[in-house]
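As a plain string of letters, each chain reads:
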Amino acid sequence: MGLKLRPIRTQPTVQDGEQGVLLSDPLALSRKVLFVPNAYALLLALLDGTRDVGTLKTGFELRTGTPLSSLLLDSVVAQLDEALFLENDRFAQAYSIALQEYRAATSRAPALAGTSYPARPEELDRSLQAYVQNAVAGTEPADQIQGLISPHIDFNRGGHIYAAAWWMARESLRQAELVVILGTDHNDAEGRVTLTRQSYATPWGVVPTEVEVVNQFVEELGEETFRCELHHRTEHSIEMAVVWLHYFLRDPPCPVVPVLCGSFDSFIEQGRNPSEAEHIASTVTLLRRLARSRQAIIVAAADLSHVGPAFGDPVPLDAIARARLANEDQELLSIVAQGRADDFYEQVRREENRRRICGLPPGFIALSALEGVTGTLVGYDQCPAAEHSTSLVSICGMTLKA
């Protein structure tokens, strides 16, 4: 078996005047960050499991016409191995240990407390209360809400949209027996549905996971649903929703079912509807059955578009591009508001997901499960992802009811 780079996070950057990419571990098995100059970035693409060090050197030189020092190549491979960026026995052992520790813990620790939101309970209370006061003045919560679309961006940029959405659902949440949170799995490119029996902790305590319902998923989907369970440890999408749920439902907190939903890009490339996949269809069926048998609310923790140079687009956004993006987002949200899951997917597929709508998987599954619902948009915004708003992430809040 040759050298293979495992899925890692890459970020374009400039270091000491040289352009390149920063490599980091989205699963936090390693805290190392490596810089690879653009001149050697092709090496990363060649680490596909088909080449050893010798053929890696040959492949690089044939494609670039540039001699590559064996000493330099050995150093690069050693650094990648040390950082656990290669798919090999060292990585497998570290992954296994981390998974055992995650499952043995009393709860899933907050990954972003102290960075994306305050870690101290009192400070978090004040912070979220300020968002609520600024966002919902003069509005009244709605009743009989069956679903909710909430952002998963950090609170500093999206707090007002979170507040508007969760406030509107507050009374329905208080009557709910269960909240299913469908979050985007930013680390899965295969469209998987990933569950965990672990409960999520917040600075206020622990929000329990309804293990009985998780076991129902396992009976239907098999143990495959835990294959990427460790993604829950660092994935922020469900965590951000759990914090807002816990803010409004403190004593006792409502039990949840945390479900990570992987990227639909493979379905888009194949021209397939996700519901053609057995695990997606079974998930939708289970959620429909759950919604009929219990007073459950389904939350899609879903951001919208990711556009601009920060996400690989060649041209920075100007005022005209931002207005065009808003129109395109509103067109898509009008489909979502009509509860048209298949049309939602088809619209994104026709565009080949050029806007990188990472909330497509949880949004599609939520709309598919909540048959006959219509949505009420309670907030929309474009959040800066770079200086001068040349790159943006768009977000929304929407309540869903029959």
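Residues numbered from 1 in each chain as written. Predicted model: local features only at pLDDT ≥ 70, side-chain atom pairs only at ≥ 80, totals over all residues. Heavy atoms only, no water.

Caption draft 1: Local environment of the overall build of the protein. Secondary structure assignment for the protein yields 15 helices and 13 strands. For 402 residues, the compact-globule estimate of 2.2 N^0.38 gives 21 Å, and the C-alpha radius of gyration of the protein, at 22 Å, lies within 12% of that figure. Overall size of the protein, expressed as C-alpha extent along the three principal axes, is 70 × 50 × 45 Å. By the burial criterion, 53% of the 402 residues in the protein qualify as buried. For the protein, the share of sequence-separated contacts (at least 6 apart) that also reach a separation of at least 24 residues comes to 74%. Counting every atom, the protein has about 17900 Å² of accessible surface; 48% of that belongs to carbon and sulfur. The protein carries 35 positive and 51 negative side-chain charges, and their two centres are separated by 1 Å. (Helix = DSSP H or I, 4+ residues; strand = E, 2+ residues; numbered from the N terminus. Rg over C-alpha atoms; globule rule 2.2 N^0.38 Å. Buried < 20%, exposed > 50% of the residue type's maximum accessible area, 1.4 Å probe, protein only. Contact = heavy atoms within 4.5 Å. Areas by Shrake-Rupley, 256 points an atom, 1.4 Å probe, with all protein chains shown as cover. Lys, Arg positive; Asp, Glu negative; His and termini not counted. Charge placed at Lys NZ, Arg CZ, Asp CG, Glu CD.)

Caption draft 2: Seen up close, the pattern of salt bridges. Under the criterion given, the structure shown has 26 salt bridges. Here D188 and R192 are joined by a salt bridge, their closest N and O atoms 2.5 Å apart. When sorted by exposure, D188 lands in the same class as R192, which is buried. Taken together, the shared-partner salt bridges in this structure form one network comprising E328, D329, E351, R354 and R355. (Salt bridge = Lys/Arg side-chain N within 4 Å of Asp/Glu carboxyl O.)

Caption draft 3: Representation of the packing of aromatic side chains. Within this structure, the stated rule accounts for 14 aromatic pairs. Residues F155 and Y162 carry aromatic rings whose centres are separated by 4.9 Å and whose planes lie at 75° to one another, so their mutual orientation is edge-to-face. Taken together, a centroid distance of 5.4 Å and an interplanar angle of 80° make the contact between F264 and F267 edge-to-face. When sorted by exposure, F264 lands in the same class as F267, which is buried. One aromatic cluster in this structure is built from Y117, F155, Y162, W204, W244, Y247 and F248. (Phe/Tyr/Trp six-rings, centres within 6.5 Å; stacked < 30°, edge-to-face > 60°.)

Caption draft 4: Region of interest: the side chain of S24. Relative to the helices and strands, S24 resides in strand β2 (residues 18–24). Residue S24 is classed as buried on the basis of its relative accessible area, which comes to 17%. Discounting residues that sit within four places of it in the chain, S24 has contacts with I8, R9, K32, V33 and F85.

Caption draft 5: Structural view of the pairing of β2. In this structure, strand β1 (residues 9–15) lies alongside β2, joined through seven bridges in antiparallel fashion. By the bridge assignment, T10 is partnered in β2 with L23. Hairpin geometry of β1 and β2 is characterised by an intervening segment of two residues between the two adjacent antiparallel strands and by a positive phi of about 55° at D16. (Pairing = 2+ DSSP bridges.)

Caption draft 6: Structural view of the packing of helix α8 (residues 211–221) against helix α12 (residues 278–293). Between α8 and α12, the least distance of the axes is 10 Å, while the angle of their chain directions is 145°. Considering how the two elements wind past one another, α8 and α12 form a crossing that is right-handed. Residues V213, Q216, F217, E220 and L221 of α8 touch α12, and the partners they reach there are H279, S282, T283, L286, L287 and L290. (Axes fitted to C-alpha atoms, helices over the stretch in contact; angles between N-to-C directions. Left-handed = near helix turned anticlockwise from the far one by under 90°.)

Caption draft 7: Structural view of the environment of Q270. Within the element layout of this structure, Q270 appears in helix α11 (residues 265–270). With a relative accessible area of 49%, Q270 lands in the partly exposed category. On a C-alpha basis, the gap between Q270 and R349 in space is 10.0 Å, while along the polypeptide they are 79 residues apart. Looking at Q270, its side chain comes within polar contact range of the side chain of R272, at 3.1 Å. (Polar contact = N/O pair within 3.5 Å; in protein donor to acceptor, adjacent residues only side chain to side chain.)

Caption draft 8: How the structure looks around the environment of L249. By the secondary structure assignment, L249 is in the loop between α10 (236–248) and β9 (256–261). Residue class for L249 comes out buried when judged on its relative accessible area of 10%. Counting along the chain gives 42 residues from L249 to V207, while the straight-line C-alpha distance between them is 9.6 Å. The contacts of L249, once residues within four sequence positions are left out, are L173, R174 and C254.

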